[in-house]
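One-letter residues, chain by chain:
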Amino acid sequence: PTPAQIALAFLLAQKPWIAPIPGTTKLHRLDEKRGALKIELSTDNLCEIDGAARRLPHCSGLGNASPDIIKNASESLAGTELRPSLLHPPPFTGR
């Protein structure tokens, strides 16, 4: 999985009414981002990403910088057999 897929999968796991809108100008990138629908993050993954996001400085201008945690999560999931996600993933309860 790519960092974008991990980020989108994280958002999709939050609440059933959250609908992330990925920005792209290229059709192949949209197809790539659709791969987030096939990713199920474990509770541990969700807690780790949430904790890392809470430590980020709240400022604008981050641009295309992706947090290391998302990069690390995508690398740790590389080669992992992913189960199809549920239509409405269970809400994240790790807080």
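See the structure shown above.
The text that follows walks through the structure, step by step, so that each part is easy to find. Not measured: the values here are computed from a predicted model.

**Quick notes on the overall build of the chain**
- Broken down by element type, the chain carries 4 helices and 0 strands.
- Nonlocal contacts in the chain, meaning residues at least 24 apart in sequence, comprise 81% of its contacts between residues at least 6 apart.
- Looking at the chain as shown, the accessible area adds up to about 6,800 Å², and 57% of this sits on carbon and sulfur atoms.

**Topic: the pattern of salt bridges**
- Scanning the model with the defined rule gives 2 salt bridges in all.
- Ionic pairing is found between Glu-32 and Arg-29, a salt bridge with its closest N-O pair at 2.8 Å. One end of the pair is Glu-32 and the other is Arg-29, both in helix 2 (residues 27-34) and 3 residues apart, which spans about a single turn.
- In this structure Arg-29 comes out as partly exposed when scored by relative accessible area, which is 38%.
- Note that Arg-34 is salt-bridged to Asp-31, the shortest N-O span being 3.3 Å. Of the two residues, Arg-34 and Asp-31 are both situated in helix 2; the distance of 3 residues between them amounts to about one turn of the helix.

**Looking at the nonpolar core**
- Judged by nonpolar contacts, Ile-6, Ala-9, Phe-10, Ala-13, Ile-39, Leu-41, Leu-46 and Ile-49 together constitute the single largest core of 8 residues.
- Sorting the residues of this core by element identifies helix 1 (3-12) and helix 3 (43-55) as the ones contributing at least two each.
- The residues touching Phe-10, leaving out its near neighbours within four places in the chain, are Leu-41, Leu-46, Ile-49 and Asp-50.

**Quick word on the environment of Ile-21**
- Mapped onto the fold, Ile-21 is located in the loop between helix 1 and helix 2.
- Each C-alpha atom of the pair Ile-21 and Leu-8 lies 8.8 Å from the other, and the pair is 13 residues apart in sequence.

**Remarks on helix 3**
- Between its first and last C-alpha, helix 3 extends 18 Å over 13 residues, near the 18 Å set by a 1.5 Å rise per residue.
- Here helix 3 has its buried residues at Asn-45, Leu-46, Ile-49, Asp-50 and Ala-52. Down the axis of helix 3, the smallest arc covering the buried residues is 165°, so these residues share one side. Among the exposed residues of helix 3, those pointing more than 90 degrees away from its buried face are Asp-44, Arg-54 and Arg-55.

**Points about the side chain of Gln-5**
- One can find Gln-5 in helix 1.
- Every residue in contact with Gln-5, bar those within four places of it in the chain, is listed here: Glu-32, Lys-33, Gly-35, Ala-36 and Ile-39.

Conventions and cut-offs
- Starting afresh in each chain, residues are numbered from 1 along the sequence in its written order.
- Local features in a predicted model are, by the rule used here, given only for residues with pLDDT of at least 70; side-chain atom pairs are given and counted only at 80 or more, and totals for whole chains, interfaces and linings are based on all residues.
- As a rule here, side-chain values cover all heavy atoms of the structure and leave hydrogens and water aside.
- We count a stretch as a helix when DSSP gives it H or I for four or more residues in a row; a strand needs E for two or more, and each element gets its number in order from the N terminus.
- Every residue pair with non-hydrogen atoms within 4.5 Å of one another is taken to be in contact.
- Residue-level accessible areas treat just the shown protein chains as cover; the underlying method is Shrake-Rupley with a 1.4 Å probe.
- Counted as salt bridges are all cases of a side-chain nitrogen of Lys or Arg within 4 Å of a carboxyl oxygen of Asp or Glu.
- For the exposure calls, accessible area comes from a 1.4 Å probe over protein chains only, and a residue counts as buried if that area is under 20% of its type's maximum, exposed if over 50%, partly exposed in between.
- For our purposes a nonpolar core is just a set of buried Ala, Val, Leu, Ile, Met, Phe, Trp, Tyr and Cys residues, chained together by side-chain atoms within 4.5 Å.
- Each residue after the first adds 1.5 Å to the expected span of a helix.
- In this description, the arc belongs to the directions extending from the helix axis to the C-beta atoms.

Nothing here speaks to function; it is geometry throughout.
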